[in-house]
Amino acid sequence: EAGVAQSPRYKIIEKRQSVAFWCNPISGHATLYWYQQILGQGPKLLIQFQNNGVVDDSQLPKDRFSAERLKGVDSTLKIQPAKLEDSAVYLCASSGPRWNSGANVLTFGAGSRLTVL
Amino acid sequence: SQKIEQNSEALNIQEGKTATLTCNYTNYSPAYLQWYRQDPGRGPVFLLLIRENEKEKRKERLKVTFDTTLKQSLFHITASQPADSATYLCAPYDYKLSFGAGTTVTVRA
């Protein structure tokens, strides 16, 4: 099966500019996640969708970050305006039918690396 | 506050030896815990899952233990190979999946 697709792979912007990342999950996966991974740290959950509804966005900086998942398939994460501390890899992941009775196992994309100058 | 702590130092081991990685968590009550592998420039890849009522899980040369009393999971790579060199992430699930910072393992030939 095809994996989780993300684009762009790399993006360099000036602070206060805007940027958008796109993700196409594995076909049939109802749950989609956006994680932020700062260098040397583990991935931090920004937002989780179940189909096209938001399940958890408690750690999403809503004054500058937004995400949508129209039609319950692909998703876009936007940052506007960007700050220096937003420099990170933005990972998209998806999960499908509960693995082995009840567990969510995530399949990640390769990530989009953002550098804010 | 919630915290996940993995070996702070990178692990350098000789090929054929066993690597043991530690994951300690605070203020989580995980129903299960997962381990992922991450290579440079790539997203994490799922390796193993262990539930709160399981003590040990094995998959080929990998072994995971889970002690909910100690709030700790141990991850073992036996008969290590240079291809096992990567960063390994611990991820307890407590209503959502949270990740530790990872431990970088380098296996010398």
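Owing to the predicted nature of the structure, the values given are computational and were not obtained by experimental measurement.

Colleague: So, the sheet that holds strand β1 (residues 3-6) of chain B: which residues are in play, and what are the values?
Modeller: Residues and elements named next belong to chain B. Pairing in this open sheet of 5 strands is antiparallel, and the strands run β1-β3-β8-β7-β6 from one edge to the other. Two strands bound the open sheet, and with one partner strand each, they are β1 and β6 (56-59). Between one strand axis and the next, the sheet turns by 15 degrees as a mean value, whatever way the strands run.

Colleague: Talk me through the environment of K17 of chain B; I want residue IDs and the actual numbers.
Modeller: Residue and element names in this part refer to chain B. Inspection of the secondary structure puts K17 in the loop between β2 (11-14) and β3 (19-26). Distance from K17 to K59, taken between C-alpha atoms, is 17 Å for residues 42 residues apart in sequence. Setting aside chain neighbours within four positions, we find K17 in contact with I77, T78, A79 and S80.

Colleague: With reference to specific residues and values, describe the sheet that holds strand β9 (residues 86-93) of chain B.
Modeller: All names here are of chain B. With mixed pairing, 5 strands are arranged side by side in an open sheet as β2-β10-β9-β4-β5. Edge positions in the sheet fall to β2 and β5 (45-51), since each has one partner strand and no second. Within the sheet, the average angular offset between the axes of one strand and its neighbour, ignoring direction, is 25 degrees. Where strand β4 (residues 32-38) and β9 come together, 7 bridges link them in antiparallel fashion. Residue Y36 lies in a different strand from β9, and its bridge partner there is L89.

Parameters at a glance
- Residues numbered from 1 in each chain as written.
- Chains lettered and ligands numbered in written order.
- Predicted model: local features only at pLDDT ≥ 70, side-chain atom pairs only at ≥ 80, totals over all residues.
- Heavy atoms only, no water.
- Pairing = 2+ DSSP bridges.
- Helix = DSSP H or I, 4+ residues; strand = E, 2+ residues; numbered from the N terminus.
- Axes fitted to C-alpha atoms, helices over the stretch in contact; angles between N-to-C directions.
- Contact = heavy atoms within 4.5 Å.

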